[in-house]
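The chain contents come next:
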Amino acid sequence: MTTRAAFLSRPLTAVIVIVVAVLLDQAIKLAVENYLPMHEAVPVMPFLALYRTYNLGVAFSLLSGMEREFIVGMRVIIIAFVIWLWRRTPNDRAFAHGGFMLIIAGAIGNLIDGFAYGHVIDYILFHTATWSFAVFNLADSFITVGAGLVILDELVSPKDKQNPADH
């Protein structure tokens, strides 16, 4: 086992990474709430703008018509499931453990928004003159990068050489 893999599999490391990520997410959202105008693009680069809006659903406004309690409950179940996956994953799977930490942090960040505001605060907009991507936030980015790390782990980690018929 590599030192990095062992480090990322430790519960204390996970808690520290998750807490720091959630605090960063919430600090940025607080600044966005206090200083960024609602539904008004603030250009950062030719293809990037800050654009404050509210998401009543989950990613890309899916399930926005559902009750708040359902959305909150679903986020809690997802967090619990990812914690379960993290605990069951072998300690040498560094990318998976890092990914699970980011997914949990992002889900907690958006869960806090749901409790505190009744919606998620989104503020990052990628766009061109003829196209724009969904508005999202740092917590969404954590979830996306975390999922990518879990997929990368599946692609690059050594596979068990046992015959599947033996199980």
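We now turn to the structure provided with this report. Remember, predicted model here, so these are calculated numbers, not experimental data.

### Overview of the packing of helix α4 (residues 94–117) against helix α5 (residues 138–156)
Here is step 1 of the chain: Where α4 meets α5, the axes come as close as 7 Å, and the angle between the chain directions of the two elements is 160°. Here α4 lies roughly antiparallel to α5, going by the angle between them. The interaxial crossing formed by α4 with α5 has left-handed handedness. Here Ala94, Phe95, Ala96, Gly98, Gly99, Phe100, Leu102, Ile103, Ala105, Gly106, Ala107 and Asn110 of α4 lie close against α5, whose contacting residues are Ala139, Asp140, Phe142, Ile143, Val145, Gly146, Ala147, Leu149, Val150, Leu152, Asp153 and Val156.
Here is step 2 of the chain: Per-class residue counts for the contact of α4 with α5 are 17 nonpolar, five polar and two charged.

### Looking at the nonpolar core
Here is step 1 of the chain: In this structure, Ile18, Phe100, Met101, Ala105, Tyr123 and Phe142 are the most contacted members of the largest nonpolar core, which totals 29 residues.
Here is step 2 of the chain: Of all the secondary-structure elements, those providing two or more residues to this core are α2 (11–35), α3 (68–88), α4, β3 (120–126) and α5.
Here is step 3 of the chain: Broken down by element, this core gets its largest block of residues, ten residues, from α4.

### Section: the sheet that holds strand β1 (residues 42–45)
Within a sheet, each strand pairs with its neighbour through backbone hydrogen bonds, oriented either parallel or antiparallel.
Here is step 1 of the chain: Here we have three strands laid out as an open sheet, ordered β1-β2-β3, and antiparallel in their pairing. The open sheet has two edge strands with one neighbour each: β1 and β3. Along the sheet, successive strands turn relative to each other by an average axial angle of 35°, direction set aside.
Here is step 2 of the chain: Across three bridges, the pairing between β1 and strand β2 (residues 48–55) is antiparallel. If you follow Met45 over to β2, its bridge partner there is Leu48.
Here is step 3 of the chain: α2 contacts β2 and β3 of the sheet and is inclined by roughly 85° relative to β3.

### Here's the deal with the pattern of salt bridges
A side chain with one charge can pair with a side chain of the opposite charge if their charged atoms come near.
Here is step 1 of the chain: Overall, the coordinates contain five salt bridges when judged by the stated rule.
Here is step 2 of the chain: Here Lys29 ties to Asp25 by a salt bridge, and the two come within 3.0 Å at their closest N and O atoms. Linking Lys29 with Asp25, this pair stays in helix α2, spanning four residues, or about one helical turn.
Here is step 3 of the chain: Using a relative accessible area of 0% as the deciding quantity, one classes Lys29 as buried.
Here is step 4 of the chain: Arg52 is the partner of Glu33 in a salt bridge, and the nearest nitrogen-oxygen pair spans 3.1 Å. Here Arg52 lies in strand β2 and Glu33 lies in helix α2, a separation of 19 residues in the sequence.

### Overview of unusual backbone geometry
Here is step 1 of the chain: Its identity is not glycine, yet His39 carries a phi of approximately 50°, on the positive side.
Here is step 2 of the chain: Inspection of the secondary structure assignment puts His39 in the loop between α2 and β1.

### Things to note about the side chain of Gln26
Here is step 1 of the chain: Along the chain, Gln26 turns up in helix α2.
Here is step 2 of the chain: Side-chain polar atoms of Gln26 contact the side chain of Asp25, separated by 3.0 Å.
Here is step 3 of the chain: The contacts of Gln26, once residues within four sequence positions are left out, are Gly109, Ile112 and Asp113.

### A few points about α2
One full turn of an α-helix is made of 3.6 residues, so residues set three or four places apart face in the same direction.
Here is step 1 of the chain: Over its 25 residues, α2 extends 36 Å from the first C-alpha to the last, a length consistent with the 36 Å expected when each residue adds 1.5 Å.
Here is step 2 of the chain: Among the residues of α2, Thr13, Ala14, Ile18, Ala21, Val22, Asp25, Gln26, Lys29 and Val32 are the ones counted as buried.

### Notes on the pairing of β3
Here is step 1 of the chain: Taking burial as the measure, the seven residues of β3 include six buried ones, the bulk of the element.
Here is step 2 of the chain: The pairing of β2 with β3 spans six bridges and is antiparallel. Looking at β3, one finds that Leu50 is bridged to Ile124.

About the cut-offs
- Counting from 1, residues in each chain are numbered in the order their sequence is written.
- Only residues with pLDDT of at least 70 get local features here, since the model is predicted, and only at 80 or more are side-chain atom pairs given and counted; chain-wide, interface and lining totals rely on the full set of residues.
- The side-chain figures draw on all heavy atoms in the structure; neither hydrogens nor water molecules are used.
- Axis angles are defined between N-to-C directions and span 0 to 180 degrees, where every axis is a line fitted to C-alpha atoms and, for a helix, only to the segment in contact.
- Only DSSP runs of H or I covering at least 4 residues are called helices, and only runs of E covering at least 2 are called strands; the numbering of each starts at the N terminus.
- When describing relative orientation, an angle under 35 degrees is termed roughly parallel and one over 145 degrees roughly antiparallel, while 65 to 115 degrees is termed roughly perpendicular and anything else oblique.
- When the near helix sits turned anticlockwise from the far one by under a right angle, the crossing is termed left-handed; a clockwise turn instead gives a right-handed crossing.
- The contact criterion used is simple: two residues touch if any of their non-hydrogen atoms lie within 4.5 Å.
- Each residue receives one of three labels: charged for Asp, Glu, Lys and Arg, nonpolar for Ala, Val, Leu, Ile, Met, Phe, Trp, Tyr, Cys and Pro, and polar for the others, Gly being one of them.
- What makes a nonpolar core is a set of buried Ala, Val, Leu, Ile, Met, Phe, Trp, Tyr and Cys residues whose side-chain atoms join them at distances within 4.5 Å.
- Residue exposure (1.4 Å probe, protein chains only): buried if accessible area is under 20% of the type maximum, exposed if over 50%, otherwise partly exposed.
- Strands are treated as partners if at least two bridges between them are detected by DSSP.
- One speaks of a salt bridge when a side-chain nitrogen belonging to Lys or Arg is within 4 Å of a carboxyl oxygen belonging to Asp or Glu.
- Polar contacts, as used here, are pairs of N or O atoms within 3.5 Å; protein pairs need one atom able to donate a hydrogen and one able to accept it. Residues neighboring in sequence count only if both atoms are side-chain atoms.
- Helix span, expected: 1.5 Å multiplied by one less than the number of residues in the helix.

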